[in-house]
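Below are the chains, spelled out letter by letter.
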Amino acid sequence: MISLNRSSFLNKSSTSFSGISSFSHSQRKASATIIVGLSSNGHTNGRVEKKIGVVMESTFKEMNNGAASVLDMDGKTAVHGGVEDVYGEDHATEDQCVTPWTISVASGYSLLRDPHHNKGLAFTVKERDAHYLRGLLPPTVVSQDLQVKKMMHNLRQYQVPLQRYVAMMDLQERNERLFYKLLVDNVEELLPVVYTPTVGEACQKYGSIFRRPQGLYISLREKGKILEVLKNWPEKRIQVIVVTDGERILGLGDLGCQGMGIPVGKLSLYTALGGLRPSSCLPITIDVGTNNEQLLNDEFYIGLRQRRATGQEYKELLQEFMSAVKQNYGEKVLVQFEDFANHNAFELLARYRTSHLVFNDDIQGTASVVLAGVVAALKLVGGTLAEHTFLFLGAGEAGTGIAELIALEMSKQTKAPLQEIRKKMWLVDSKGLIVSSRKESLQEFKKAWAHEHEPVKTLLDAVKAIKPTVLIGTSGVGQTFTKEVVEAMASFNEKPVIFALSNPTSQSECTAEEAYTWSKGRAIYASGSPFDPVEYEGKVFVPGQSNNAYIFPGFGLGLIMSGAIRVHDDMLLAACKYF
């Protein structure tokens, strides 16, 4: 199903605009006039809209010799009770005179500036006639494959990753189909460009590289008007929203409004890896200010220049946002929370998981992909989940989310109470090992992981005391898995499992080379951002990557296709098994 959706989107390059090539000149011009008039007059009254609709329908039927067109299709048709065939693509053929695109695409000069439908030099001679493009393009016709080849050649000339990122964003704003064709065909090479680690640097410098908005910005100034803001977005049938408030972008901290790079990057993967149409995806940044002094003093910063709103003001804005989303897009729109700080992330998920289709990628997505990685590692290490002991560096969204999902799977396998299973999980935060004697001072989401043990201050001491078989880093602090820590893990494990998951690469707890070298080639290693293969004593070790990108596009697509209205833990566990 994924391949079908993706190919149907990408293959529009050869059929999208051929539909009206057989029209007479006067018919084409008439249809173009109707189209432009309708799209440029979004606030016409119902009578005028209805009249235009009738004229369009009769005109298209006449052009199609009375045959049924997409205008006759039942708008409520759905596939497996989930995604509606909004565009009529499941019924469109190359022989069909009118395609869904031809009734909404302007002609000529404006078409070349519409990134959703522009094909650049890939427009055929026939299409250039049909859409009044003669003279607006050089005479040569270049296939999409050749365009991909040229773009990859150009991208590889850049030595700086951020330059590649900017070039990719420019392409997305100019020729959306070519962007996704390029990404799909070269996903391994380009994933680190549009996503981690490069997207982290892009967010840090977003104010300097900002060209045009790629999503919605909802700030405190829009309080009381959020529904109106959502209606300003041109696409009305949204299936997935990725939203951030920019307070905890990767391991880089508070980047405020410039965190928009994360929702944009995530949603590009929903299309490239999950097959969702770009038009059904909406990136949103909620700007409540920033506590980052460097950004507040940066003349190029694009967000509100004020300290972060908190407490009741913050809650009311988020409540208005979530209500407006449901009102505007319906019960089945998926809202993916991304890079919220711990104190808001857990509260938002708890508050809205029973009333909305919501999913926190940092808590639930990370947990799913790591559990899948651990299960895969056990094929090399041996034993069941319940036979292993886990130690986490980092007790925030990712750390506690991973621990909880692993505990749920253990409980399901062993039929033991969840509270008892949690004792196999140990967490270390900035103050040391989380133990019972610290319970009164702990944040609520950490209390379930406070076990009976004497206080331990450092990670190295915790490793020596707990003797874990699996060490997982979600601290957001680089170089914390020191040589002593890795050597200690290797001293009592034949094959220590070490996951250094913090992003971007600079924040990774240890590099792949360090893990393999310090463990003398015995570590089972995975990271959040990619590392190159490592050669050690004549052997080449290929590090694994345990990144959310491997789970959320497919998981989100499953939610949308199934018509789900809530996310349950069993769905996450099921996703891990088919990872």
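Residues numbered from 1 in each chain as written. Predicted model: local features only at pLDDT ≥ 70, side-chain atom pairs only at ≥ 80, totals over all residues. Heavy atoms only, no water.

For the protein chain, the name recorded in an unreviewed UniProt entry is Malic enzyme, with Aquilegia coerulea as its organism. Quoted verbatim from the Sequence similarities (unreviewed entry) field of UniProt, the annotation for the protein chain is "Belongs to the malic enzymes family." (UniProt positions renumbered as here; feature names shortened; annotations may be inferred.)

Asker: Which parts of the structure should I look at to understand the overall build of the protein chain?
Answerer: Secondary structure assignment for the protein chain yields 25 helices and 14 strands. Burial statistics for the protein chain: of 579 residues in total, 55% are counted as buried. Once local pairs closer than 6 in sequence are excluded, the contacts in the protein chain between residues at least 24 apart make up 69%. When the accessible area of the protein chain is evaluated, it comes to approximately 25,700 Å², of which 52% is carbon and sulfur surface. (Helix = DSSP H or I, 4+ residues; strand = E, 2+ residues; numbered from the N terminus. Buried < 20%, exposed > 50% of the residue type's maximum accessible area, 1.4 Å probe, protein only. Contact = heavy atoms within 4.5 Å. Areas by Shrake-Rupley, 256 points an atom, 1.4 Å probe, with all protein chains shown as cover.)

Asker: I'm lost on the UniProt feature "binding site: a divalent metal cation" (unreviewed entry) in the protein chain in this one. Help?
Answerer: In the numbering used here, UniProt assigns the feature "binding site: a divalent metal cation" (unreviewed entry) to Glu-338, Asp-339 and Asp-362. The largest pairwise C-alpha distance within this set of annotated residues, which runs over 25 residues, is 6.7 Å, so the set is compact in three dimensions. Within the secondary structure layout, Glu-338 lies in the loop between β4 (334-337) and α17 (342-352). Apart from residues lying up to four places away in sequence, Glu-338 is in contact with Val-242, Val-243, Thr-244, Asp-245, Ile-262, Lys-266, Asp-361 and Asp-362. A polar contact of 3.3 Å, which involves the side chain of Glu-338, links it to the side chain of Lys-266. Residue position: Asp-339 is located in the loop between β4 and α17. Each residue touching Asp-339, except ones within four places of it in the same chain, is listed here: Thr-244, Asp-245, Gly-246, Glu-247, Arg-248, Ile-249, Leu-250, Ile-262 and Asp-362. (Polar contact = N/O pair within 3.5 Å; in protein donor to acceptor, adjacent residues only side chain to side chain.)

Asker: I keep staring at empty space enclosed by the protein and nothing clicks. Help me out?
Answerer: Rolled over the atoms, a probe with the dimensions of a water molecule shows which regions are left empty. Overall, the coordinates contain 2 cavities of 30 Å³ or more when judged by the stated rule. In terms of lining, the largest cavity is formed by Tyr-165, Val-166, Met-169, Glu-173, Tyr-206, Ile-209, Phe-210, Arg-211, Arg-212 and Gln-214. Mapped onto the lining of the largest cavity, the elements with two or more residues apiece are α8 (161-174) and α12 (206-209). Here the lining of the largest cavity takes 4 residues from α8, the largest share from any one element. Grouping the amino acids of the lining of the largest cavity by side-chain chemistry returns 6 nonpolar, 1 polar and 3 charged. (1 Å grid on protein atoms, 1.4 Å probe; cavity = no way out; pocket = protein on both sides within 12 Å on 5 of 7 lines; lining within 4 Å. Points joined across faces, edges and corners; volume = space filled by probe spheres on them. Nonpolar A, V, L, I, M, F, W, Y, C, P; charged D, E, K, R; others polar.)

Asker: Just to check I follow, could you spell out the packing of aromatic side chains for this structure?
Answerer: Two measures describe an aromatic ring pair: the distance that separates the ring centres and the angle between the ring planes. Applying the stated rule across the entire model yields 10 aromatic pairs. Look at Phe-359 and Phe-555: their rings are 5.0 Å apart centre to centre, the planes differ by 45 degrees, and that puts the pair in the tilted class. Taken together, the residues span a long stretch of sequence, with Phe-359 in strand β5 (residues 358-360) and Phe-555 in helix α24 (residues 552-562) at a distance of 196 residues. You'll find Phe-359 and Phe-555 in the same group, each marked buried. Of the aromatic side chains, those joined through ring pairs into one cluster are Tyr-516, Tyr-525, Phe-531 and Phe-541. It is Arg-113 that lies over the ring of Tyr-109; its NZ or CZ is 3.7 Å from the centre. The ring of Phe-492 carries the charged tip of Lys-467 above its face, separated from the ring centre by 5.7 Å. (Phe/Tyr/Trp six-rings, centres within 6.5 Å; stacked < 30°, edge-to-face > 60°. Lys NZ or Arg CZ within 6 Å of the ring centre and 35° of its normal.)

Asker: What should I look at first to understand the confidence of the model for the protein chain in this one?
Answerer: Parts of the model with low pLDDT should not have their predicted coordinates read in detail. Mean pLDDT over the protein chain stands at 84; residues scoring 70 or higher make up 81%. Segment residues 1-82 is flagged for pLDDT under 50; beyond a separation of four residues in sequence, or across chains, it makes 123 contacts in the model. Across residues 87-105 the pLDDT falls below 50, and counting only partners more than four positions away or on other chains, this stretch makes 49 contacts in the model. (pLDDT = per-residue confidence, 0-100.)

Asker: What should I look at first to understand the nonpolar core in this one?
Answerer: In a soluble, globular protein the nonpolar side chains are often hidden away together inside. Within the largest apolar cluster, 92 residues are counted, with the highest numbers of intra-cluster contacts made by Phe-390 and Met-425. For Met-425, the contacting residues outside a window of four places in its chain are Phe-390, Phe-392, Ala-403, Ile-406, Ala-407, Met-410, Trp-449 and His-451. Counting residues in each nonpolar core, the second largest holds 34 residues, with Leu-220, Leu-282, Ile-284 and Leu-349 among its members. (Core = buried A, V, L, I, M, F, W, Y, C linked by side-chain atoms within 4.5 Å.)

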